[in-house]
Amino acid sequence: MTVTRGARITGAVLCALLAVIVAGWLVRDVRAVDDPGQLWRHWAGSYEGRPAALPATSADDVMLLVAYLVAAVAALRSSVAATALVATGVVTLAVRLPGLWNIGESRMEAGYSDDLRTRALVCAFAALAAGIALIIVVGAGRRPARDSSEAAPTRPGQGAGVTAFLLLGAAGAVVIAWEIRQAARFPEIYPDWYLGGDRVFQGLIDPPPGWSGAVLALLCLYAATGALCRAVHARPFGLIAAGGLLSGGALGVARAVHYEFLGHFGDLPVEEQLTVLTWFFEVIAGAVVLIVLARRGTAGTPAPHHQGYGQGYGGPRPGVFGPPPPSQPPPGW
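Residues numbered from 1 in each chain as written. Predicted model: local features only at pLDDT ≥ 70, side-chain atom pairs only at ≥ 80, totals over all residues. Heavy atoms only, no water.

1. Focus on helix H3 (residues 59-77)
Step number 1: Given a rise of 1.5 Å per residue, 19 residues ought to cover 27 Å, and the 28 Å separating the end C-alpha atoms of H3 matches this to within 8%.
Step number 2: For H3, every residue scored as buried is listed here: Ala59, Asp60, Asp61, Met63, Leu64, Leu65, Ala67, Tyr68, Ala71, Ala72, Ala74 and Ala75.
Step number 3: Tucked into the core, H3 has its buried residues touching helix H1 (5-32), helix H2 (36-44), helix H4 (81-96), helix H9 (209-228) and helix H10 (234-258). (Helix = DSSP H or I, 4+ residues; strand = E, 2+ residues; numbered from the N terminus. Expected span 1.5 Å × (residues − 1). Buried < 20%, exposed > 50% of the residue type's maximum accessible area, 1.4 Å probe, protein only. Contact = heavy atoms within 4.5 Å.)

Written out as structure tokens, the structure reads:
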């Protein structure tokens, strides 16, 4: 099953629109701070040298920008255009949904002007509409392959599928484990950790950190299952999940280097040692999965009982996307 040329072009345009929205906010933040390096340090969670103008974005928005651009190209050229567009739509809905109840909250008034919050809310509605449109376009434009010469959607190779399954499955389990640990240590920050509120900090256009971690875990586990089955959807969902792991892990490693955690690793409490190791694991897992799933897959058909995954039009029902909990250590760090 593939999609019509008109659906591909429409999907590419929608992805380009989403990329323009994110790029506009990133440009705003770069211009708002005195030094672009301050923006990176803010994203990484450094407590000193905070920018005078509070950024509205996070490093996840850079990852999303890349994902939108790749999805736009894939919509026009890749055999997995349908699943790439669906994955992009699902993740967009997950990322922007919390903005509907967070951006307009009075607590945002302290850091952002009314005009900026209005623009953010308009962009959130536009992004959600584009995400829904991507899924509808794929559904409406589906068609069977005309003949055997037409490129069929590719699946991960056996080795790539097993590798992605092991790394993404482990990463999803690690993110969930940290969520459980944080709930035990800091029960007072719930439900704000997932829904947003005065007890947690988040960028203007980004989801709450707990929501972000939960969605990343769902993406990892969903893509890991698909990779084991060598399903078509495993590649686009797995690549997005890997990008989230790499983004969150890179921020954590930058923070570890900035605060010289590595030089005094043996002196850190066990839990903080595990946090640092988690950051490095996320970087390695994200990079490896990106490499193995970015390679062109095979057009082979999996075993009959896996063909339901092969259509690749389903998706997890996540909430948001972003760095996992270890990349944004809880209050008191």
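2. Points about the packing of aromatic side chains
Step number 1: According to the stated counting rule, one finds 4 aromatic pairs in the structure shown.
Step number 2: An angle of 40° between the planes, with centres 5.6 Å apart, marks the rings of Tyr190 and Tyr194 as tilted.
Step number 3: A residue is classified by how much of its surface remains accessible, and Tyr190, at 18% relative accessible area, is buried.
Step number 4: Between Tyr222 and Phe237 the ring centres are 5.1 Å apart and the planes differ by 80°, which places this aromatic pair in the edge-to-face class. Taken together, the positions of Tyr222 in helix H9 and Phe237 in helix H10 put the pair 15 residues apart, joining distant regions of the chain. Each member of the pair, Tyr222 as well as Phe237, is classed as buried.
Step number 5: Lying across the ring of Trp25, Arg119 places its NZ or CZ 5.5 Å from the centre. (Phe/Tyr/Trp six-rings, centres within 6.5 Å; stacked < 30°, edge-to-face > 60°. Lys NZ or Arg CZ within 6 Å of the ring centre and 35° of its normal.)

3. Some remarks on the side chain of Glu179
Step number 1: Residue placement: Glu179 occurs in helix H7 (residues 158-185).
Step number 2: Buried within the structure, Glu179 lacks any salt-bridge partner; its nearest side chain of opposite charge belongs to Arg181, at an N-O separation of 12 Å.
Step number 3: A polar atom in the side chain of Glu179 sits 2.7 Å from the side chain of Tyr194. (Lys, Arg positive; Asp, Glu negative; His and termini not counted. Salt bridge = Lys/Arg side-chain N within 4 Å of Asp/Glu carboxyl O. Polar contact = N/O pair within 3.5 Å; in protein donor to acceptor, adjacent residues only side chain to side chain.)

4. Brief notes about the nonpolar core
Step number 1: Ranked by internal contacts, the top residues of the largest apolar core, which has 59 residues, are Leu168, Leu219, Cys220 and Phe237.
Step number 2: Here the element with the most residues in this core is H9; it accounts for 9 residues.
Step number 3: Apart from the residues within four sequence positions on either side, Cys220 is in contact with Leu168, Ala171, Gly172, Ala241 and Leu245.
Step number 4: Judged by nonpolar contacts, the second largest core, of 11 residues, contains Ile21, Ile103, Tyr112 and Leu116. (Core = buried A, V, L, I, M, F, W, Y, C linked by side-chain atoms within 4.5 Å.)

5. Comments concerning the environment of Leu64
Step number 1: Following the sequence through the fold, Leu64 ends up in helix H3.
Step number 2: The exposure class assigned to Leu64 is buried, which follows from its relative accessible area of 3%.
Step number 3: For the pair Leu64 and Val22, spaced 42 residues apart in sequence, the C-alpha to C-alpha distance is 7.7 Å.
Step number 4: Apart from residues lying up to four places away in sequence, Leu64 is in contact with Val91, Val95 and Arg96.

6. As for the packing of H3 against H10
Step number 1: Here H3 crosses H10 at 150°, and the two axes come no closer than 10 Å. Here H10 runs roughly antiparallel to H3, going by the angle between their axes. By crossing handedness, the relation of H3 to H10 is classed as right-handed. Contacts between H3 and H10 involve Ala59, Asp60 and Met63 on the former and, on the latter, Ile240, Gly243, Gly244, Ser247 and Leu251. (Axes fitted to C-alpha atoms, helices over the stretch in contact; angles between N-to-C directions. Parallel < 35°, antiparallel > 145°, perpendicular 65-115°, else oblique. Left-handed = near helix turned anticlockwise from the far one by under 90°.)

7. With respect to the packing of H1 against H4
Step number 1: Relative orientation of the contacting elements H1 and H4 amounts to 35°, with a least axis distance of 11 Å. As H1 packs across H4, the resulting crossing turns out to be left-handed. For the pair H1 and H4, the contacting residues are Ala7, Arg8, Gly11, Cys15, Leu18 and Val22 in the first and Ala81, Leu85, Thr88, Thr92 and Arg96 in the second.
Step number 2: Residues belonging to the contact of H1 with H4 are distributed by class as follows: 6 nonpolar, 3 polar and 2 charged. (Nonpolar A, V, L, I, M, F, W, Y, C, P; charged D, E, K, R; others polar.)

8. Here's the deal with unusual backbone geometry
Step number 1: That bond from Tyr190 to Pro191 is cis: its omega, 5°, falls within 30 degrees of zero.
Step number 2: Tracing the backbone through its elements, the reader meets Pro191 in the loop between H7 and helix H8 (192-195).
Step number 3: With a phi close to 55°, Glu260 is a non-glycine residue in the positive phi region.
Step number 4: Assignment of secondary structure puts Glu260 in the loop between H10 and helix H11 (270-294).

9. Digging into the pattern of salt bridges
Pairing between side chains of opposite charge can happen when the charged atoms of each approach one another.
Step number 1: Counted under the stated rule, the structure contains 8 salt bridges.
Step number 2: Among the salt bridges present, the one from Glu271 reaches Arg181, with a minimum N-O distance of 2.7 Å. Note that Glu271 is positioned in helix H11 and Arg181 in helix H7, a separation of 90 residues in sequence.
Step number 3: With a shortest N-O distance of 3.0 Å, Arg199 and Asp192 are connected by a salt bridge.

10. A short note on the environment of Gly11
Step number 1: Structurally, Gly11 is set in helix H1.
Step number 2: For Gly11, a relative accessible area of 0% gives the class buried.
Step number 3: Separated by 70 residues in sequence, Gly11 and Ala81 place their C-alpha atoms 8.8 Å apart.

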